[in-house]
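In case you want the letters, here they are:
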Amino acid sequence: EFYPFQIPPPTGFGQRFNNEVGPARGLSKSDWGVRASTLRGGWDLSAFYYGSTDVSPTFYREVTLTPTPTLVYTPQHDRIWQAGGTLAKAFRSVVAKAEAVYASGRSYNVTRLSEPTGVVPQDTLDYVVGLDFTLARETRLNIQYFERVFFEHDPDLLYDRREGGVSLLLSGASGAKIQPELLVIQSVNRSDRMVRASLSMTPASNWRFTTGVVTFTGPVTGFFGRFAQDDRVYVELRRDF
């Protein structure tokens with residue numbers, strides 16, 4: 001239902017998905033990273049480097065014409081490296097946060113059939129800036145702007161050169177017996193949106209009841225729009241022991 005693939009086949013073509021190819025084993029395929037952090041004048045700063053096998057698969061494509069035109073996809077995990085940093089600072093009841101990550105080695109699908117593997121490498125920069133507000137009765141409001149920048153942007157990618165979005169999270173006090181929460185994530189490039197509303201209750205010690213609804217809106221190639229037919233309502237009962 002939530003398979004991470006969003007390119008519909010062109011007219012006259014079917015599509016088939018092979019089993020996922022897991023990452024190779026061995027010491028040379030290990031994930032590793034380094035991180036340094038410091039606190040200066042109230043600023044919490046950090047920098048990091050991380051080399052790893054990408055947790056998200058890349059869908060490599062083959063085109064077969066017989067017996068019927070078919071696009072055959074094989075999900076594989078690329079080796080990538082990421083470098084970036086974070087910062088945060090409190091200004092009384094407001095906390096400012098930011099994070100940036102440069103990634104290299106990851107490939108993305110393109111729509112043109114002439115591309116032999118159906119994917120092209122793209123280095124990207126992801127960054128997010130946000131503000132956390134502590135409101136009355138310990139209510140929390142978080143507002144963020146995030147963006148992914150594609151370097152050497154391929155015109156046949158599903159994405160624009162700069163893909164931005166905004167999010168809003170409003171939640172009730174963490175210690176209250178009834179805790180409402182609203183999360184809205186909206187693309188600024190297109191009408192692509194997720195809205196999640198939930199209500200949690202703590203009727204007794206160690207018990208927690210949660211109910212909510214999640215809706216998706218947008219085009220079939222959108223990050224959320226591909227799930228537009230999969231809105232859902234959920235109920236959860238939890239006991240800690």
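Residues numbered from 1 in each chain as written. Predicted model: local features only at pLDDT ≥ 70, side-chain atom pairs only at ≥ 80, totals over all residues. Heavy atoms only, no water.

## Here's the deal with the sheet that holds strand 4 (residues 58-64)
The three strands lie next to each other as 1-5-4, forming an open sheet whose pairing is mixed. Since the sheet does not close on itself, it has two edges, and those belong to strand 1 (14-17) and strand 4, each with one partner. Strand-to-strand, the axes of this sheet are offset by a mean angle of 25 degrees, without reference to chain direction. As judged from the seven bridges shared by strand 4 and strand 5 (residues 70-76), these two strands associate in the antiparallel manner. Counterpart to Phe59 in the pairing with strand 5 is Pro75. (Pairing = 2+ DSSP bridges. Helix = DSSP H or I, 4+ residues; strand = E, 2+ residues; numbered from the N terminus. Axes fitted to C-alpha atoms, helices over the stretch in contact; angles between N-to-C directions.)

## Things to note about the packing of aromatic side chains
This model, assessed by the stated rule, comprises 14 aromatic pairs. Measuring from ring centre to ring centre gives 6.1 Å for Phe17 and Phe59, while their planes differ by 90 degrees; the resulting arrangement is edge-to-face. Here the residue Phe17 occupies a position in strand 1, and Phe59 occupies one in strand 4, the gap between them amounting to 42 residues. Relative accessible area serves as the criterion here: at 30%, Phe17 is assigned to the partly exposed category. Taking the centre distance of 5.1 Å and the plane angle of 85 degrees together, the rings of Phe223 and Phe224 count as edge-to-face. Taking relative accessible area as the criterion, Phe224 reaches 11% and is therefore assigned buried. (Phe/Tyr/Trp six-rings, centres within 6.5 Å; stacked < 30°, edge-to-face > 60°. Buried < 20%, exposed > 50% of the residue type's maximum accessible area, 1.4 Å probe, protein only.)

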